[in-house]
Amino acid sequence: MTTLLVTVPGGREGDAALELEWALGDARVRRAKWRGVLIVKTRLEKDEALERIKEFDTTAIFKVLPLEKLVMSKKEVIMEEAFEMAKERIKETESFAVRCKRRGNWISSGKEIEIELGAKIKETLNAKVNLTNPDWYVWIEVLGKRTGISIIRPEEIIKKRVEF
C-alpha cells in the first residue's frame, strides 16, 4: 500500500481527485482538512504510482510526495521516527536536507524540527547538509494530529504545472 500527499490549487481538489483516480486506476483519494491537500492510497508500488502520475497529463496537480510512515504529531515522536528512518538510508558520504511543512498547531515550529533533526543526522551519521541539491530529503508533513515522514530521493518528488 502506497500513501501519497498531493497538493493542488485550492478549489481544484475534485479535478485533481479524478485525475489521480484515472492515472492510478486503483486509488482511494480523500481531502485533508486543509484546502489544496489530498491524501491518496493505492495498492500500486511507490515507484509505479509515481511513474503513472508523472506520465499522466494533469491540469490540477502541483506536487506529489510519497509518505512512507504516519506517526503521531508530537515533536519527540517525529524526531525519533525520522532519525531512525534516516539511519537506514543516508550513508556517511551522502548529503541530505530536512524539510518540514506544518499544517495545524500540533507542533510549535517546523523550522525547529528541520534544524534540530538536521543537526542530529549531521553529527550522528556524519552526513553532509546540502539544502539546494541533496542526495536525500528527510521530508516531514505535519497534518494536524498525524504526521507523514519520508526519506526520499529528489526525483521521487513530482512537481507539475497547473493550468488555470
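Residues numbered from 1 in each chain as written. Predicted model: local features only at pLDDT ≥ 70, side-chain atom pairs only at ≥ 80, totals over all residues. Heavy atoms only, no water.

Peer 1: Describe in detail the nonpolar core, supporting the description with residues and values.
Peer 2: In terms of nonpolar packing, the biggest core is built from 23 residues, with Ile 78, Ile 90, Phe 96, Leu 117, Ile 121, Val 138 and Ile 140 touching the most fellow members. Looking at this core, the elements that each hand over two or more residues are helix H3 (75–89), strand S6 (95–103), helix H4 (110–125), strand S8 (136–143) and strand S9 (146–152). Aside from chain neighbours lying at most four places away, what touches Ile 78 is Val 71, Met 72, Ser 73, Ile 107, Ile 113, Ile 140, Val 142, Thr 147 and Ile 149. Residues Ala 23, Val 40, Leu 50 and Ile 53 belong to the second largest nonpolar core, which totals 20 residues. (Core = buried A, V, L, I, M, F, W, Y, C linked by side-chain atoms within 4.5 Å. Buried < 20%, exposed > 50% of the residue type's maximum accessible area, 1.4 Å probe, protein only. Helix = DSSP H or I, 4+ residues; strand = E, 2+ residues; numbered from the N terminus. Contact = heavy atoms within 4.5 Å.)

Peer 1: Any details on the pairing of strand S2 (residues 27–31)? Residues and values, ideally.
Peer 2: Examined bridge by bridge, S2 and strand S3 (residues 37–42) share 5 bridges and lie antiparallel to one another. Residue Ala 27 lies in a different strand from S3, and its bridge partner there is Thr 42. Turn length for the S2-S3 hairpin, with the two strands adjacent in sequence and antiparallel, is 5 residues, and the turn residue Gly 36 shows positive phi of about 80 degrees. (Pairing = 2+ DSSP bridges.)

Peer 1: Describe the side chain of Ser 73, and please don't skip the residues or the numbers.
Peer 2: Relative to the helices and strands, Ser 73 is located in the loop between strand S5 (69–72) and H3. Look at Ser 73 and you get buried, because its relative accessible area is 2%.

Peer 1: How would you summarise the packing of aromatic side chains if you had to cite specific residues and measurements?
Peer 2: Taken as a whole and judged by the stated rule, the model has 1 aromatic pair. Note on Tyr 137 and Trp 139: the rings are 5.3 Å apart at their centroids and 75 degrees apart in plane angle, and the pair reads as edge-to-face. When sorted by exposure, Tyr 137 lands in the same class as Trp 139, which is buried. Positioned over the ring face of Trp 136 is Arg 153, at 3.8 Å from the centre of the ring. (Phe/Tyr/Trp six-rings, centres within 6.5 Å; stacked < 30°, edge-to-face > 60°. Lys NZ or Arg CZ within 6 Å of the ring centre and 35° of its normal.)

Peer 1: For the sheet that holds strand S4 (residues 63–67), give the residues involved together with the corresponding values.
Peer 2: One open sheet accounts for 5 strands, arranged S2-S3-S1-S4-S10; its pairing is antiparallel. Strand pairing shows two members of the sheet lacking a second neighbour, S2 and strand S10 (158–159), which therefore form its edges. Its contacts with the sheet place helix H1 (residues 13–24) against strand S1 (2–7), S2 and S3, and it is angled at close to 165 degrees to S2. (Axes fitted to C-alpha atoms, helices over the stretch in contact; angles between N-to-C directions.)

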